[in-house]
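# Observations on the three-dimensional arrangement
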Amino acid sequence: MEEIVATLVKVLMLSPDYQTFCQCMKCRADIIAISLNNLPNHYVTTEEGRKMVFEQLNTEENRKWINKRIINAIHVVSKYPKH
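First, a word on scope: everything that follows refers to the structure included in this document. Everything numeric here is computed off the predicted structure, so don't read it as measured data.

Let us now look at the overall build of the protein. For the protein, the count of helices and strands is 4 helices and 0 strands. Taken from N to C terminus, the helices and strands of the protein fall in the order α-α-α-α. For a compact globule of 83 residues, the expected C-alpha radius of gyration is about 12 Å, and the protein comes in at 13 Å, within 12% of that figure. With the principal axes as the frame, the protein shows a C-alpha extent of 40 × 25 × 15 Å. The proportion of buried residues among the 83 residues of the protein is 30%. Restricting the contact set of the protein to residue pairs at least 6 apart, pairs at least 24 apart contribute 77%.

Moving on, we come to the nonpolar core. The nonpolar side chains of soluble globular proteins are, as a tendency, buried together. Grouped together as the largest cluster of nonpolar side chains are 20 residues, with contacts concentrated most on V5, V9, M13, I31, I66, I70 and I74. At the level of elements, α1 (2-14), α2 (25-37), α3 (47-57) and α4 (60-79) are the ones that each hand at least two residues to this core. In terms of residue count, the dominant contributor to this core is α1 (6 residues).

As a further point, take the packing of aromatic side chains. Using the criterion set out here, one finds 1 aromatic pair in the structure. When the centroid spacing of 5.4 Å and the interplanar angle of 45° are considered together, the rings of Y18 and F21 count as tilted. Taking relative accessible area as the criterion, Y18 reaches 10% and is therefore assigned buried. Take F21: its relative accessible area is 15%, and that puts it in the buried class.

Here we take up α2. Here α2 is 13 residues long and its end C-alpha atoms lie 18 Å apart, about the 18 Å a rise of 1.5 Å per residue gives. In this fold, the buried residues of α2 make contact with α1 and α4.

Reading the values: the criteria
- Residues numbered from 1 in each chain as written.
- Predicted model: local features only at pLDDT ≥ 70, side-chain atom pairs only at ≥ 80, totals over all residues.
- Heavy atoms only, no water.
- Helix = DSSP H or I, 4+ residues; strand = E, 2+ residues; numbered from the N terminus.
- Rg over C-alpha atoms; globule rule 2.2 N^0.38 Å.
- Buried < 20%, exposed > 50% of the residue type's maximum accessible area, 1.4 Å probe, protein only.
- Contact = heavy atoms within 4.5 Å.
- Core = buried A, V, L, I, M, F, W, Y, C linked by side-chain atoms within 4.5 Å.
- Phe/Tyr/Trp six-rings, centres within 6.5 Å; stacked < 30°, edge-to-face > 60°.
- Expected span 1.5 Å × (residues − 1).

Next up, the structure:
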């Protein structure tokens with residue numbers, strides 16, 4: 001989940017809709033943390049398990065669902081930045 005969220009945050013922050021938001025590493029880390037706290041955990045111990053979970057989560061429907069949590073986190077961090 002962390003890999004998917006980090007990638008989607010990077011992509012979303014580069015989009016025209018979010019270019020006015022702070023792009024610093026602290027804000028990005030906060031966005032990722034808030035997003036992950038609002039998503040279910042998927043712990044794995046092997047590379048095979050990681051690939052299996054990644055394939056399960058990396059669908060269009062799941063990406064849309066994850067994007068909603070990330071967008072919410074972007075707005076939270078924008079409203080209450082820690083710097």
